[in-house]
Amino acid sequence: MRTVANFLPRLSAASARKHYHALSKLLGPNKSNPGITSSELRQVIAAALCAIGSSSSDLEVITESVRDLNAFSTSHIDEYDFERMLPVLNKLGGSSSTEGSWLDLSLKSDDVSGDPRALFPLFYSCLHMIHSTDAVIGRAASKAMKTLITTCSDQLEGKSRDELAKNRWMQFIEKSVISCLKTGLTTKADETRRHFVLLMSHVARNFSTYDSPHLYGDLHSLIRDDDQDLDFFLNMTHLQLHRRIKALQRLRKMITAADETPLFSEQSYANVLLPLAIHPVYECTSKSDDLLAIEAIATVGVISSRLAWGKYHEALQSVLNSLARHPEKERHLIALVCSMIDAFHFEVVEAEETGSDSNGNGVWRSLKNRIIPKVESFLTKEKIDRRGIKSKSIRPPVVLALVKLFQKLPTKIFETKLPQLIKIISTTLKNKDSNERDVARDTMAKIASSLDMKYLPLILSDLSITLSHGYQLHVRAATLHSILVAISSVYQPAAVSSIDEACLVPFDRCVRAMLDLIQQDIFGTSSEMKEADHVEKRLIKEAMGSKSQDSLEIISRLILFKPSIATNEENRSKSSAHLVVKPFIERLVDPEVLPSTIRKVKECLNKIAVGLSSNPSADIKEILPFIYATVAPFVLGEVKKGPHLDDELDNSDEEADAPLQVTKTNGIESKKKKAKGVVVKVSHWAPSTLDALESQRSALEMKRTQKRNLHKVTEAPKLTGSSRHNPMKSTKKLLNNPANASALIFGLTLLNSCLKKYKLDASDETICAMTDPYLNLLVQYVKFSQDSIGITLSLRCLGFLLRLDLPSVPKIATKLSPIVLEHLTAWGAASNTQTDIVQGCFRTLNLLFLHPSLSSPNDATEKTSNLPLTDHQMQALISLLQAAVMESEHHNATFGLVKAICSKKYISPEFYDLVDIILKLSVQSQKPSVRLQSSQIFLQYLLDYPMGTQRLDTHLQQIVLNLKYEYEEGRLSAIDLLHSVIQKLPIPVLEKHSQLFFLPLVLQLANDDSKRCKEHVTGAISLLLRRLSTDVVQSFFSYVSRWSQSAGDEGLPMRQAAAQLRGIFVESRPDFIKRGATSSDMMRSISLAIQEFIPFDNDNGWELLYYNVLCVEKLNKDYQPAILAHADIGVSLVNLLAYPHPWVMQASLRIINNHVGNIDPKSLVTQGADSYLVKNEGCLYDISRNLCRLLDVDDAHFVEAISVLAIKTITWIFQVMNHYPDLFYATGRDFEVDGPNEEQSKNPCRWIMSRLSNIAKPKRGAKRRESIFKCYAALCASCKPEQLNPYLRMMITSLDRVIREETNNLQSEEQQDTHPRIAFPKDVLNLIEDACGTDEFLKAYSEVNKKVRGKKDQRKQEIAAEAVHNPVFAAKRKIKKQLHEKERKKRRVDEMKLMKGVTKKSKH
């Protein structure tokens, strides 16, 4: 290069100029990396350019600027000469009209419009400097590049399209500037890329009106000058991670929303947005970056769906090639590949279909020959376990991506490729590594959920064939369950209107096959393996749990529920509901069924019931007949045969096939049906045909079978009495048979779930007609059943039905209530209310008592006319309730029944005793809900029941006495009950007992140690004062005035209570405070009470002071004139900012902040002339000093709320200082000086900025530094640049010092840009730059850096001199450094071991 530099002066000017651009380019960056960094080489290149400039006068000034721009310091190695370089950069970044600007230098070559080609060396030098790690150089170079872009825009303004095509500035911006900016977007350095992103944003802003896609004007829609929080480019360069995530989210939503019209050009998508979105994927190095990487991957997918084939193919190939180069980022890169494959949006045509070379064929050839083979090579990966055995595992995202890609191809290709993928996954399911099976199972489930249901038989067939024996059976069942779970999240049963449509539902056509697999797992070899004692089930994870039962639930939820189509034998097989239920019912029919099988079937039917109850295709009008047909034959008895049927069966075989006629289940034939001559055939419906017979021949066979299977001696039939023709034992025996009970519980479970799910419409006559028969059925079941689960379900179902006004309710109420009472007695409700049956009984009685059909509108006070129980039964019930209410575990139903009885106004001595127990429970119970419900019941009783004055007074006195209960929760409940009583009592009654309420509440307020109790007492007193008349309030206020005048230590509690009550009076009765001189008298008394504690040496009596300050705060909201009239209070509040107790400080600061917030700092003297801030000289200084002390506290005593208020107040005071500096100091008072120059420190703004800068020193605590930096940010947002520029160095010094020291303290695994202690100061620096301007900011920043370098050099010199003057101390320093380095290396080794999973070094 020296040879070239020496050779150039010997050439002619024209020949030398030919090498101008090539030499200029050597000063620029190397693609996306920094360019030549050698100081010597850059100076030689600059000298060569100067040689060209010396022969061309128009280039001489430019080349001299290039020499200065690349000048290096003579005193520091490889460091720029800032005194020569920064002036050039500042001129380039200045206005176009100034000397040394881009336009001025270009005009040296062309006086008319300027020649931008002459600017190449400066242009490339600025691009190189953007890559500099020095913040000052990078910011200055970026500012210069922004000015260059603005200059280009100004020169092209107003040009026609033809003129633009020939304009040199247009060619320069398109071919040189933007080309380099696109390359800069791909750089790996975050700070450098930030500058290039903002430059591209500047290009989009300045060229938004141009049609050329190479100027990226369409990206202007991503720029939000009105709201920077929504600006895409600013957020993408923001230090905070969540801002970048939100920027990508908004971009993705914008692109997705603009489906019809393209939002951006293909160049913008490929050259700008795609690189910005891909970078976070490659830069993800920690878990905290995962969210950004995931969002970036999703955004890349959306952008890829808008790319042309060439760009899409190039980007996808680049990512696929990166997988081999970056194995540590495999997870994110695989996800990126899958996201891009999902975005495949091109038309594909097979070459065999068309003979032409269409674009579709070209896409297919690229897919077939390059992309698909490349992606398929990543389907599996090789793993080596600890024993060195190699195995292959699949990559699920790649499999799913291929499936989605194949789905976008022609159907013929898809159906050819799909079985291969299914086979690969099924084979992986045979792997003995459980983790690999888990991955394969999840992958299979995701594939099944992404495919059409018509491909589900293919998956089931492959599973059935591949997994056929041994442990594979468990894997098959688990895989089927995973597939169903995945399908359930995307599949909904189809709506059909005919049997033919129901037969074509693809999922329902697979039900039979799935049930075969499930039954094999539950009842077959797989079940025997699970139940075998010698099998170690823990070795096979899939064998654990009950996945097949869960699969039944999912199938029941997804099938088409239309049992009404099963009208005959032919259609029965078409009903999916019958297909699911029938196999299990048939197992119960088997007379030799084992108890273990009954248990399994019961579990399966329970799962089926849960699934059917949540089936979206199920309708209540389909479900109710389905359940009734299932349950009724078991509850209401068998179908009765005719009187001479046995003789006919023995003597006539010709009529064996004649259909049976059915009468009602109670043996009484329907007269209505006889009159019409209707003959009803026995329904042949699967679940309900257990004991129903279709013909006489089948009845005969059933009779003979029952005789053969009879093994027990049954009870003798009842031969006398009115019920001898309808023996009850048959119903009881039928109900309590284990197999039949399982089927009944299935039906009741389904009925309970459906009644809970569907809100029955009482006005619908059809629904009422379908539900009314259930009442008698359920009553019969509750009466005769011995199964606790069945009884509980029946009671729950009754709970839903009794809410309706059904016609049978009055009839069954008198039958059901005694039955329920018998169950309560039988199950021990007096001693144990935890059983579900007892709770169900209480709920049922509650509904019966409250049912509208049982109300007595004529005489509501009659004792038992409207109750379904007699007096004797009611006494027994209340006796049970007296014991039951003491139970704390299950109480809702119990208290609900008590409320129902209370609402009926039932009067008896036992009930009054029950109310006394409830009042005790409202305080003494340990359960909050019990206390709440007890209080509600007692309040209802107190307000509604007729009672005399003595009883009312007794109850109210007991409520007041409960305020003194020992435990806090009980006192809270008593206070809340008293609050409700105060709110509900009539005004005359309340005023009569006001003394009874007020004084105990005041005593509780003064003496209670609980904060919550005091808050509730305050609310009760406030409500009491609001409801009372003014005369009564006046009498209470006179008490408060006397209490506030108490003297001595003994009177301190009363003074504290008086201070609290004053605040309550101010809040609750503002009308009373405004009367007369009440407010002024109160302010005078408060002022004296506050001044009593000033000056203060400790925090004795802080509570009284705090309550008085709170009262001032409440008065300040509505009575500011009263506050301003007492300026002494304002001065006292300023002094209280230094009080030792933080509560007093915070309350005082809130008042001051609220006061200054209502005054404009620019017009303080006029608007706030009556304020104590103006009347008292030096008040602003006292506030500022105290606020600085509030911020300058240890982290242990730091309070965030105080910090926020202090920052707001300091920001306001700083603005006042700029407009009224004379108000700051008081005449003749001493003040603290924070600098060597007293005159400078007299400047209030400099004084406070100096104090803040000293507080922000790094060794004084992290929280206080953060609060100071927040204060800087607040000042930048509220002050003008000229107000902040004189103090830039102070702010930048503290920020830069923190950034440098925290960077040096970073651990090896921590990132500088994301570390909060570094990112936040950098963010504040950006705010300062935006507020003060880049030029002033760079000047101040360079001076700070220069000062830091000077201190560093001085420190090095002192250390070097120390080695000569004090060698002992120098040796100690060197040893300390070596030990520190040794510890660092050891820590690094431990970190590497931890990353590799090695916790302890093994010893041999």
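What you see is a predicted model; the values in this text were computed from it and never measured.

1. A look at the overall build of the protein chain
Across its full length, the protein chain holds 71 helices and two strands. Sorting the 1404 residues of the protein chain into buried and exposed places 50% on the buried side. Long-range contacts, defined as pairs at least 24 residues apart, comprise 70% of the intrachain contacts of the protein chain with a sequence gap of at least 6. Surface exposure of the protein chain reaches about 68700 Å², of which carbon and sulfur atoms provide 51%.

2. Quick look at helix α51 (residues 1011-1027)
The terminal C-alpha atoms of α51, which comprises 17 residues, lie 25 Å apart, in line with the 24 Å expected from a rise of 1.5 Å per residue. Where α51 is concerned, the buried positions are Cys1013, Lys1014, Val1017, Ala1020, Ile1021, Ser1022, Leu1023, Leu1024 and Leu1025. Looking at the buried side of α51, the elements it contacts are α48 (968-984), α49 (987-992), α50 (994-1007), α52 (1030-1044), α53 (1052-1068) and α56 (1102-1118).

3. Some points on the side chain of arginine 1055
Structurally, arginine 1055 is set in helix α53. Each residue touching arginine 1055, except ones within four places of it in the same chain, is listed here: Trp1043, Ser1044, Ser1046, Ala1089, Glu1092 and Leu1104.

4. Details of the environment of serine 929
With respect to the helices and strands, serine 929 occurs in helix α46 (residues 928-944). Taking relative accessible area as the criterion, serine 929 reaches 28% and is therefore assigned partly exposed. In this structure the C-alpha to C-alpha distance between serine 929 and histidine 891, which are 38 residues apart in sequence, comes to 8.6 Å.

5. Quick word on the packing of aromatic side chains
For any pair of aromatic rings, the description rests on two quantities: the centre-to-centre distance and the angle between the ring planes. Evaluated as defined, the whole model comprises 41 aromatic pairs. Centre to centre, the rings of phenylalanine 523 and phenylalanine 584 are 6.3 Å apart; their planes meet at 50 degrees, and the pair counts as tilted. On the criterion of sequence distance, the pair formed by phenylalanine 523 in helix α27 (residues 511-523) and phenylalanine 584 in helix α31 (residues 576-589) is long-range, its members being 61 residues apart. Grouping residues by exposure puts phenylalanine 523 and phenylalanine 584 together as buried.

6. Some details on a nonpolar patch on the surface
A cluster of nonpolar side chains, Met1, Val4, Leu26 and Leu41, forms an exposed patch at the surface whose accessible area comes to about 270 Å². Among the secondary structure elements, leucine 41 is positioned in helix α4 (residues 39-55).

7. Remarks on the nonpolar core
Phe123, Leu367, Leu877, Phe997, Ile1021, Phe1065 and Met1249 are the most contacted members of the largest nonpolar core, which totals 407 residues. Setting aside residues no more than four positions away along its own chain, isoleucine 1021 makes contact with Phe998, Leu1001, Val1002, Leu1005, Leu1061 and Ile1064.

8. A word on the packing of α50 against α53
Contact geometry for α50 and α53: axes closest at 9 Å, N-to-C directions at 120 degrees. The interaxial crossing formed by α50 with α53 has right-handed handedness. Listed contacts from α53 to Val1002, Leu1005 and Ala1006 of α50 are Ala1057, Gln1060, Leu1061 and Ile1064. Residues belonging to the contact of α50 with α53 are distributed by class as follows: six nonpolar, one polar and no charged.

9. Concerning the environment of lysine 756
One can find lysine 756 in helix α38 (residues 738-757). Along the chain, lysine 756 and arginine 796 lie 40 residues apart, while their C-alpha atoms are 9.3 Å from each other.

10. What about a positive patch on the surface?
A cluster of like positive charges, contributed by Lys1257, Lys1347, Lys1351, Lys1352, Arg1355 and Lys1356, occupies part of the molecular surface. Looking at the secondary structure, you find lysine 1351 in helix α70 (residues 1334-1365).

11. Overview of the side chain of threonine 771
Within the secondary structure, threonine 771 sits in helix α39 (residues 765-784). Polar contacts involving the side chain of threonine 771 include one to the main-chain carbonyl oxygen of isoleucine 767, which spans 2.9 Å. Sequence-distant contacts of threonine 771, defined by excluding residues within four places in its chain, comprise Leu624, Leu760, Leu801, Leu804 and Leu806.

12. Description of the confidence of the model for the protein chain
On average, residues of the protein chain carry a pLDDT of 81, and 85% of them reach 70 or more. Ranking the elements of the protein chain by mean pLDDT puts helix α34 (residues 645-651) last with 35 and helix α16 (residues 290-304) first with 93. This stretch, residues 707-730, has a pLDDT under 50; its non-local contacts, to residues over four places away or in other chains, come to eight contacts. Note that pLDDT drops below 50 for residues 1235-1240; the model gives that stretch three contacts with residues more than four away or on any other chain.

13. Details of unusual backbone geometry
In this structure, tyrosine 216 is a non-glycine residue whose phi angle is positive, near 55 degrees. Relative to the elements of secondary structure, tyrosine 216 occurs in the loop between α12 (190-206) and α13 (232-236). On the basis of relative accessibility, which here comes to 1%, the residue tyrosine 216 falls in the buried class. In the Ramachandran plot, lysine 905 falls in the positive-phi region, its phi being about 55 degrees despite a non-glycine side chain. Examined against the element boundaries, lysine 905 turns out to sit in the loop between α44 (892-903) and α45 (909-924).

14. Remarks on the environment of arginine 441
Here arginine 441 shows up in helix α22 (residues 434-450). Accessibility expressed as a relative area gives 10% for arginine 441, which makes it buried. In this structure, the C-alpha to C-alpha distance between arginine 441 and isoleucine 483, residues 42 residues apart in sequence, is 8.0 Å. Once you skip the residues sitting within four places of it in the chain, arginine 441 turns out to touch Leu429, Ala478, Thr479, Ser482 and Glu542.

15. Structural notes on the pattern of salt bridges
Per the counting criterion, the structure on display carries 44 salt bridges. The residue glutamate 1200 makes a salt bridge to lysine 1270 at a minimum N-O spacing of 3.3 Å. You can see glutamate 1200 sitting in helix α63 (residues 1200-1219) and its partner lysine 1270 sitting in helix α66 (residues 1262-1278), a full 70 residues away along the chain. Owing to a relative accessible area of 41%, glutamate 1200 belongs among the partly exposed residues under this scheme.

16. Some words on the packing of helix α6 (residues 82-92) against helix α9 (residues 135-156)
The interhelical angle for the contact between α6 and α9, taken along N-to-C directions, is 30 degrees, at an axis separation of 8 Å. One way to sum up the angle between α6 and α9 is to call them roughly parallel. Two packed elements cross with a definite hand, and for α6 against α9 that hand is left-handed. Along the contact surface, α6 presents Phe82, Met85, Leu86, Leu89 and Leu92, while α9 presents Val136, Ile137, Ala140, Ala141, Ala144 and Thr147. Split by residue class, the contact of α6 with α9 holds ten nonpolar, one polar and no charged.

17. Re the state of the cysteines
Applying the stated rule across the entire model yields zero disulfides. With no disulfide of its own, cysteine 797 has cysteine 754 as its nearest cysteine by sulfur position, at a separation of 9.5 Å. Relative accessible area serves as the criterion here: at 0%, cysteine 797 is assigned to the buried category.

18. So, helix α11 (residues 168-184)
With 17 residues, α11 should reach 24 Å at 1.5 Å per residue; the first-to-last C-alpha distance of 23 Å fits that figure. Most pronounced at isoleucine 178, the bend in α11 amounts to some 30 degrees. Turning to α11, its buried residues number three or more, namely Trp169, Met170, Phe172, Ile173, Ser176, Val177, Ile178, Cys180, Leu181 and Gly184. The inward-facing, buried residues of α11 contact α7 (102-106), α8 (120-130), α9, α10 (161-166) and α12. Its side-chain oxygen at 2.7 Å from the backbone nitrogen of tryptophan 169, asparagine 167 defines the N-terminal cap of α11.

What counts and how
- Residues numbered from 1 in each chain as written.
- Predicted model: local features only at pLDDT ≥ 70, side-chain atom pairs only at ≥ 80, totals over all residues.
- Heavy atoms only, no water.
- Helix = DSSP H or I, 4+ residues; strand = E, 2+ residues; numbered from the N terminus.
- Buried < 20%, exposed > 50% of the residue type's maximum accessible area, 1.4 Å probe, protein only.
- Contact = heavy atoms within 4.5 Å.
- Areas by Shrake-Rupley, 256 points an atom, 1.4 Å probe, with all protein chains shown as cover.
- Expected span 1.5 Å × (residues − 1).
- Phe/Tyr/Trp six-rings, centres within 6.5 Å; stacked < 30°, edge-to-face > 60°.
- Patch = residues over 30% accessible without salt bridge, like charges linked within 9 Å, V, L, I, M, F, W, Y side chains within 5 Å.
- Salt bridge = Lys/Arg side-chain N within 4 Å of Asp/Glu carboxyl O.
- Core = buried A, V, L, I, M, F, W, Y, C linked by side-chain atoms within 4.5 Å.
- Axes fitted to C-alpha atoms, helices over the stretch in contact; angles between N-to-C directions.
- Left-handed = near helix turned anticlockwise from the far one by under 90°.
- Nonpolar A, V, L, I, M, F, W, Y, C, P; charged D, E, K, R; others polar.
- Lys, Arg positive; Asp, Glu negative; His and termini not counted.
- Charge placed at Lys NZ, Arg CZ, Asp CG, Glu CD.
- Polar contact = N/O pair within 3.5 Å; in protein donor to acceptor, adjacent residues only side chain to side chain.
- pLDDT = per-residue confidence, 0-100.
- Parallel < 35°, antiparallel > 145°, perpendicular 65-115°, else oblique.
- Disulfide = S-S within 2.5 Å.
- Bend = angle between axes of the 7 residues up to and from the residue.

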